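Observations on chain architecture
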Amino acid sequence: MKPTGLITLTTDFGMQDGNVGVMKGVIYGINPQARIVDLSHDIEPQNITQAAFVLSRHYRYFPGGTIHLVVVDPGVGSERRALIVQTAQALFVAPDNGVLTYVVHDARRAIKHIIDISNPEFWLPYISPVFHGRDIFAPVAAHLSLGVPPFAFGEEVNDLVTFPLPQAERGEGKLKGQVAHIDRFGNLLTNIYRRDLLSWREIKVRVRNREIVGLSRTYAEGQEGEVIAYIDSSEELAVAVVNGSARDLLGAEVGDEVEVVGQ
Amino acid sequence: MKPTGLITLTTDFGMQDGNVGVMKGVIYGINPQARIVDLSHDIEPQNITQAAFVLSRHYRYFPGGTIHLVVVDPGVGSERRALIVQTAQALFVAPDNGVLTYVVHDARRAIKHIIDISNPEFWLPYISPVFHGRDIFAPVAAHLSLGVPPFAFGEEVNDLVTFPLPQAERGEGKLKGQVAHIDRFGNLLTNIYRRDLLSWREIKVRVRNREIVGLSRTYAEGQEGEVIAYIDSSEELAVAVVNGSARDLLGAEVGDEVEVVGQ
Amino acid sequence: MKPTGLITLTTDFGMQDGNVGVMKGVIYGINPQARIVDLSHDIEPQNITQAAFVLSRHYRYFPGGTIHLVVVDPGVGSERRALIVQTAQALFVAPDNGVLTYVVHDARRAIKHIIDISNPEFWLPYISPVFHGRDIFAPVAAHLSLGVPPFAFGEEVNDLVTFPLPQAERGEGKLKGQVAHIDRFGNLLTNIYRRDLLSWREIKVRVRNREIVGLSRTYAEGQEGEVIAYIDSSEELAVAVVNGSARDLLGAEVGDEVEVVGQ
């Protein structure tokens, strides 16, 4: 897996202040041939869980050798480590704060190396203690994209910080999970997956005192304004309002309980 | 007209969830040389009319051979078709839901081919019924950008869905139109065009009980806070508040009646 | 300093209307090899001061020869000039309205040339009086990025519009400055700089009736919810709430007085 020069960026910087743009300036200064894709910069401030989730839904769709840079970093400048994680498919560059939890969970034994970034040779000459995105992470990602091997950036380590993934609980004929993410359309994505539902012929989904009978295949199968359950694009059980917002209609929030009753 | 590798994206996905980024990952996986331009991802959810309007104002300014991909697609996964529309100038890839209405209206006989996308050879191997943007549209656009001819993607068809364009009505010494779009500055863009006004020496514009006498050439011709009428950058009659928001000051909305009295 | 094909864009256009995308279409039509970086498009409408500040924090981090295009232009179409400013490091293209004030202040004698853009040979054939970004600035930046020398675009001039930089006032053992910018996290960036504080061993920072004793090096040094003062990534004294928003907690606004008492 050789780097392809493709770098994705996921941050909580927003676009108003230019902090994303300046990272791209640093990257292009080091690798003028880089191609940079914004994955999301609208992660809620300091919301590591949300960044981890958004990254987890998309990274598999990028070509092998893509470098995924994640800067949601409330511990910037502290003793928290900065890591390069190399899998069979991709390279991840991120603070060691759990933001790669899903990646690690998915990859398991396919994680090849974890490097503790410590070699200042590949950083900008002056490091602001509050903007490692610009001064450490961006130049490291850029040098990686040129083919500098991960070992050049620091020592190999054996572990990294992960948070416990909120797992759906299975009971007698039922599953209890949570709303894991609410997307731009107000759709509620859960931590219950299609594979969890395979043993049942019929299901009911309950969220916020609403019961939905059966799964729709598409939004268009429901009537305008109807609450439907369906399988979203990363195989998650999800709840939507047709041409509307389930978040607004149901008053739903991330963390809300979702119950599936099957038979 | 050969594809140039330039692809524009217009969606209602927003930037928070990474759904735009993943489409770019798919495109770069197929055509590493593609150049991708975001036209807008802040189309209101499911607002086909708005997407059609935004696309209509800009596509002419892109180099010949540009591929314009539009994914505002409430009917995703249903029987609605997915189309490639080839004009003398450009290629459009979109669901068949009216989002190309202005393009078709502008091009008339210059539409060369309409292809019903049906050949899964150019799609991702697994298709989510709720994210054709990633699984069908992005790979089709990427293959088109490599020079795969439109006919390879499916059968030619003769028609596509369009909606009736809201036309200004001409009366005795007057015109009645509507607010067609409100931009980021709160300027009101109408469906009355410069050419509609050429026969008059003087005009008055009425919207939301406000009457504006004459056209300003620039914002700077008015006083701070003044309501002015002017010709916007795609030749539309428009109403603005100098260094302010006509939407906020007048309480205006898309669809509001706009009357021009001329002599 | 040869142009590298790298162009940054800073505007108040937002992303919803496609006005940024169309500028990129014009640029790619002229220079297909251009690389374009969005610095910010969420500058408040007509807020020249904010655009000047955002640009000032980032331009130094781009490779030599980068072209920085700024279109925050309430005077578009009026007699205000359009300029190319060449420094030892970079090229700036902008309306002559003060948006380059910090650049000029930083560069002083390093400004090599100021060109009044007047040669329509490098513009689009038809010029909308309300969208010079698309019709004049974008094509000028694109031609510059191809290596067309600045002199080809118009006559050299000797001056440009700048606004007085809000300077911190030094008193007996104290400094008075202002909040210059509030970022996405709600952090308050001031016009007091690290160098202004070097003579003191201990400082207190006062803003909105809140007194903060001492400087934190990182956000993580404070407790969750604590108000801290620190040096931000462009050497500005700044005030933050750890994992929160100083803007929201303190009700702060741009222009608020900030006082530093030192000893």
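The following refers to the structure shown.

Side note on the interface of chain C and chain B
On the side of chain B, 31 residues touch chain C, which itself brings 35 residues to the contact. Three residues, C:Gln16, C:Asp17 and C:Val130, lead the burial of chain C against chain B; their summed loss comes to 23% of the area buried on that side. On inspection of chain C and its partner chain B, the count reaches zero salt bridges. At the junction of chain C and chain B, the tally comes to 13 residue pairs in polar contact (both at pLDDT 80 or more). Looking at the side of chain C that touches chain B, the elements with two or more residues in it are α1 (19-30) and α4 (132-145) of chain C. Per-element accounting of the side of chain C that touches chain B gives the leading share, eight residues, to α1(C). Residue composition of the side of chain C that touches chain B, grouped by class: 15 nonpolar, 13 polar and seven charged.

Some words on the environment of A:Ile48
As for its placement among the helices and strands, A:Ile48 is situated in helix α2 (residues 48-58). In contact with A:Ile48, other than residues within four places in its own chain, are A:Val72, A:Pro74, A:Asn97, A:Gly98, A:Val99 and A:Phe163.

Let's talk about the relation of the copies chain C and chain B
With an RMSD of 0.0 Å, chain C superimposes on chain B once it is rotated by 120° and translated 0.0 Å along the axis. Taken together, the rotation angle and the small translation identify this as a three-fold axis. Of every C-alpha in chain C, the one belonging to C:Arg35 sits nearest the axis of rotation, 5.3 Å from it. Comparing contact sets, just 3% of the residues at the interface of chain C also lie at the interface in chain B, consistent with a heterologous contact between different surfaces.

A closer look at the packing of aromatic side chains
Throughout the structure, instances matching the rule amount to 21 aromatic pairs over all chains. Here the aromatic rings of A:Phe122 and A:Phe153 are separated by 4.6 Å at their centres, their planes lie at 45°, and the arrangement is tilted. Placement of the pair is A:Phe122 in the loop between β6 (111-117) and α4 (132-145) and A:Phe153 in the loop between α4 and β7 (154-157), with a sequence separation of 31 residues. Each ring, one from B:Tyr59 and one from B:Phe92, has its centre 5.4 Å from the other, and the planes form 85°; the classification is edge-to-face. Placement of the pair is B:Tyr59 in the loop between α2 (48-58) and β3 (67-71) and B:Phe92 in strand β5 (residues 91-95), with a sequence separation of 33 residues. For the pair B:Tyr59 and B:Phe92, one class covers both residues: buried. Grouping aromatic residues by their ring pairs yields a cluster made of A:Phe13, A:Phe131 and C:Phe185. When the ring centre of B:Tyr28 is taken as origin, the NZ or CZ atom of A:Arg35, which lies over that ring, is 5.1 Å away.

Remarks on the sheet that holds β6(A)
All names here are of chain A. Sheet architecture is open: seven strands sit in the order β2-β1-β3-β5-β4-β6-β7, paired in mixed fashion. Edge positions in the open sheet fall to β2 (35-40) and β7, since each of these has one partner strand only. For this sheet, the mean inter-axis angle between neighbouring strands, taken without regard to orientation, is 25°. Note: strand β4 (residues 82-87) against β6, five bridges, orientation antiparallel. Paired with Gln86 across the bridge in β6 is His113.

Let's talk about the pattern of salt bridges
Scanning the entire structure with this criterion turns up 45 salt bridges over all chains. One salt-bridge network, held together by shared partners, links A:Lys174, A:Arg206, A:Glu211 and A:Glu259.

Some details on the relation of the copies chain B and chain A
For the match of chain B to chain A, the screw axis carries a shift of 0.0 Å, the RMSD comes to 0.0 Å, and the turn is 120°. Taken together, the interface assignments show that only 3% of the residues at the interface of chain B recur at the interface of chain A, consistent with different surfaces on the two copies.

Some details on the interface of chain B and chain A
Taken together, the contacts link 35 residues of chain B with 31 residues of chain A. Roughly 2700 Å² of surface becomes buried between chain B and chain A when both sides are summed, with 55% attributable to carbon and sulfur atoms. Of all residues in chain B, the largest losses of buried area upon contact with chain A belong to B:Gln16, B:Asp17 and B:Val130, amounting jointly to 23% of the total for that side. The interface formed by chain B and chain A contains zero salt bridges. In this assembly, chain B and chain A are joined by 13 residue pairs in polar contact (both at pLDDT 80 or more). For the side of chain B that touches chain A, a count of residues per class yields 15 nonpolar, 13 polar and seven charged.

Points about the sheet that holds strand β1 (residues 6-11) of chain C
Residues and elements named next belong to chain C. Strands sit in the order β2-β1-β3-β5-β4-β6-β7 across an open sheet of seven strands; the sheet is mixed. Each of the sheet's edge strands pairs with one partner strand only, and the pair in question is β2 (35-40) and β7 (154-157). Going from strand to strand, the sheet's axes swing by 25° on average, the running direction of each strand aside. Summarising the sheet, β1 and strand β3 (residues 67-71) pair through five bridges and their orientation is parallel. Directly across from Ile7, in β3, lies its bridge partner Ile67. Where α4 meets the sheet, it contacts β1, β3, β4 (82-87), β5 (91-95) and β6 (111-117), and its direction lies at approximately 175° from that of β3.

Here we look at the packing of helix α1 (residues 19-30) of chain B against helix α4 (residues 132-145) of chain B
All names here are of chain B. Two elements in contact, α1 and α4, have axes separated by 8 Å at closest approach and are oriented at 40°. The pairing of α1 with α4 is recorded here as oblique in orientation. Every pair of crossing elements has a handedness; the one defined by α1 and α4 is right-handed. Contacts between α1 and α4 involve Val22, Met23, Val26, Ile27 and Ile30 from the first element and Gly133, Arg134, Ala138, Pro139, Ala142 and His143 from the second. Tallied by class, residues from the contact of α1 with α4 come to eight nonpolar, two polar and one charged.

Brief notes about unusual backbone geometry
For A:Arg208, which is not glycine, the phi torsion reads 50° and is therefore positive. Counting through the fold element by element, A:Arg208 comes out in the loop between β11 (203-207) and β12 (210-213). If you check the backbone angles, C:Glu235 has positive phi at about 75° while not being a glycine. Relative to the helices and strands, C:Glu235 resides in the loop between β14 (227-231) and β15 (236-241).

What counts as what
Residues numbered from 1 in each chain as written. Chains lettered and ligands numbered in written order. Predicted model: local features only at pLDDT ≥ 70, side-chain atom pairs only at ≥ 80, totals over all residues. Heavy atoms only, no water. Contact = heavy atoms within 4.5 Å. Buried area = accessible area lost by both parts, 1.4 Å probe. Salt bridge = Lys/Arg side-chain N within 4 Å of Asp/Glu carboxyl O. Polar contact = N/O pair within 3.5 Å; in protein donor to acceptor, adjacent residues only side chain to side chain. Helix = DSSP H or I, 4+ residues; strand = E, 2+ residues; numbered from the N terminus. Nonpolar A, V, L, I, M, F, W, Y, C, P; charged D, E, K, R; others polar. Least-squares fit on C-alpha atoms with pLDDT ≥ 70 in both. Phe/Tyr/Trp six-rings, centres within 6.5 Å; stacked < 30°, edge-to-face > 60°. Buried < 20%, exposed > 50% of the residue type's maximum accessible area, 1.4 Å probe, protein only. Lys NZ or Arg CZ within 6 Å of the ring centre and 35° of its normal. Pairing = 2+ DSSP bridges. Axes fitted to C-alpha atoms, helices over the stretch in contact; angles between N-to-C directions. Parallel < 35°, antiparallel > 145°, perpendicular 65-115°, else oblique. Left-handed = near helix turned anticlockwise from the far one by under 90°.

Purely geometric stuff here, so don't read any function into it on its own.
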